Amino acid sequence: QVQLVESGGGLVQAGGSLRLSCEASGTVRSINTMRWYRQAPGKQRELVAHITRGGTTNYADSVKGRFTISRDNAKNTVYLQMNSLKFEDTAVYFCDADVIEGADIDFNNYWGQGIQVTVSS
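Right, let's walk through the structure included here. Keep in mind that this is a model prediction, so the values were computed, not measured.

Thresholds applied
Residues numbered from 1 in each chain as written. Predicted model: local features only at pLDDT ≥ 70, side-chain atom pairs only at ≥ 80, totals over all residues. Heavy atoms only, no water. Helix = DSSP H or I, 4+ residues; strand = E, 2+ residues; numbered from the N terminus. Rg over C-alpha atoms; globule rule 2.2 N^0.38 Å. Buried < 20%, exposed > 50% of the residue type's maximum accessible area, 1.4 Å probe, protein only. Contact = heavy atoms within 4.5 Å. Areas by Shrake-Rupley, 256 points an atom, 1.4 Å probe, with all protein chains shown as cover. Lys, Arg positive; Asp, Glu negative; His and termini not counted. Charge placed at Lys NZ, Arg CZ, Asp CG, Glu CD. Salt bridge = Lys/Arg side-chain N within 4 Å of Asp/Glu carboxyl O.

Attention now moves to the overall build of the protein chain. When helices and strands are counted, the protein chain shows zero helices and eleven strands. The order of helices and strands in the protein chain, counted from the N terminus, is β-β-β-β-β-β-β-β-β-β-β. Computed over its C-alpha atoms, the radius of gyration of the protein chain comes to 14 Å, within 12% of the 14 Å expected for a compact globule of 121 residues. Overall size of the protein chain, expressed as C-alpha extent along the three principal axes, is 50 × 25 × 25 Å. A burial count over the protein chain gives 43% of its 121 residues as buried. In the protein chain, once contacts between residues fewer than 6 apart in sequence are set aside, the share between residues at least 24 apart is 54%. Per element, the accessible surface of the protein chain, about 6400 Å² overall, is 48% carbon and sulfur. Positive and negative charge centroids in the protein chain, built from 12 and 12 side chains respectively, lie 5 Å apart.

What follows covers the pattern of salt bridges. Per the stated rule, a full pass over the model turns up six salt bridges. Where arginine 35 meets aspartate 96, a salt bridge forms, and the shortest distance between an N and an O atom there is 3.2 Å. Here arginine 35, found in strand E4 (residues 28-39), pairs with aspartate 96, found in strand E9 (residues 91-101); they are 61 residues apart in sequence, far enough to count as distant. Note that aspartate 89 and arginine 66 form a salt bridge whose closest N and O atoms lie 2.8 Å from each other. With aspartate 89 in the loop between strand E8 (77-82) and E9 and arginine 66 in the loop between strand E6 (57-59) and strand E7 (67-72), this residue pair connects regions lying 23 residues apart in the sequence. A relative accessible area of 1% means that aspartate 89 is categorised as buried.

What follows is the structure, encoded as structure tokens:
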């Protein structure tokens, strides 16, 4: 099967930067769309950004101009570069991916465990 593991979170001051990584491992043949979500305390889960296998991207209005999603297909990894961080960006960040495994034709969807990002004032 497939596992997604996030890394790179932590505590930063407002105005700072972090880069999140999410690596897929296991029975991965190829990966279609990859996404970053976040969930703040007391809030609904929010789609932050997604990127297709070909590199087409889309962002939530709240992060446009500050966050950049990218991927390295050779490493089965998606990144989220977060600049000019605000207190409102504090949340648990989750990645997910549509993964084609082995000889399968269609994809299966997987989620990471989540990683904390805390922005202090």
